[in-house]
Every structure is written in structure tokens, then in C-alpha cells.
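Here is how the chains run, residue by residue.
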Amino acid sequence: MALVKAGIVVLDCAEPEKLAEFYKGLLDTEETEANANLVEITGVAGIRLAFRRDVNATPPSWPRPENSLQAHLEFLVEDLDEAERRIVGLGGRSLETRGAHGPLEERQYADPAGHSFTLRLRPSTAPKQD
């Protein structure tokens, strides 16, 4: 029997309630736990994220080297443009990544608290059309 039953990614931030709202809107999740210092959300696909209050939280500076990448999330999407419009509408922002390595089917963003994340184009499962 496994000792660990589930994992939760926890992001430190100054305002967990506001950051939870951003990710609830992005991932279509619901709030499953909340107290004075933590808000947890869970999605239908089993995605679990929590946001912990840290009044001294400093936003990551990625892609700059100082205080760089503290955590990195990746989400698979079917339409990058549609996802970007939703992210910006929720208060996120695109990260300029000139010269970034990797496929063109991904884009980098920051949530309202400055945590970086990547949207990656989900490969189509439909058969190729000739």
C-alpha cells in the first residue's frame, strides 16, 4: 500500500485568495479547502493546487537569473490563442522569452503573483487527414 495518497503543488504568495481565483478561472476548478493562510483548489481531472500565505513572498524573476525559477507549472491546451486570451482576462501576463529553447507549440506566462507557467499545445489525437 502506498504511503503517499496524493500530491499537491503549493505556491507561496501574499494573497492566496486572489491567486486561487486566477487558477480557478484558468483551470475550471473548485475551492476544496480554505483557511486564514491557505486556499486549495481541485479540478475534475485531479489537478490539485494550493496557495499559502507568505507576507514576504517575492515573485520569481524568471527568465532573469536573479531570484529565478522557484516553481514551474505546465498545462496542456488545445488552443494556445484562446488560452492566452483567458489568462490575460484573468489577470495573468505573457512572459517575453526571446531566444527560449523548446518547441514553438508552447508559451510562457506569469500568474498575478508572478509565478511562471507554460502552456503547451496538446497533440491532437485525431487521425491525420490526407
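Owing to the predicted nature of the structure, the values given are computational and were not obtained by experimental measurement.

A. View of the sheet that holds strand β8 (residues 116-121). The sheet built from 4 strands is open, its strands ordered β5-β8-β7-β6 with mixed pairing. Edge positions in the sheet fall to β5 (73-77) and β6 (93-94), since each has one partner strand and no second. Bridge analysis of strand β7 (residues 106-110) against β8 gives 5 bridges, and the strand direction is antiparallel. The residue bridging R107 from the neighbouring strand is L119, located in β8.

B. The arrangement of the confidence of the model for the protein chain in detail. Per-residue confidence for the protein chain gives a mean pLDDT of 81; residues scoring 70 or more make up 75%. Least confident of the elements in the protein chain is β5, whose mean pLDDT is 82; most confident is helix α1 (residues 16-27), at 95.

C. Focus on the sheet that holds strand β3 (residues 38-42). In space, the 4 strands of this open sheet follow the order β1-β4-β3-β2, with mixed pairing throughout. The sheet is open, and its two edges are formed by β1 (9-13) and β2 (30-34), each paired on a single side. Direction aside, neighbouring strands of the sheet carry axes that sit 25° apart on average. Relative to strand β4 (residues 48-53), β3 is paired through 5 bridges, and the arrangement is antiparallel. Each residue of the ladder has a partner; that of T42, found in β4, is R48. The sheet contacts of α1 involve β1, β2, β3 and β4, and relative to β4 the element is tilted by about 160°.

Rules used in this analysis
Residues numbered from 1 in each chain as written. Predicted model: local features only at pLDDT ≥ 70, side-chain atom pairs only at ≥ 80, totals over all residues. Heavy atoms only, no water. Pairing = 2+ DSSP bridges. Helix = DSSP H or I, 4+ residues; strand = E, 2+ residues; numbered from the N terminus. pLDDT = per-residue confidence, 0-100. Axes fitted to C-alpha atoms, helices over the stretch in contact; angles between N-to-C directions. Contact = heavy atoms within 4.5 Å.

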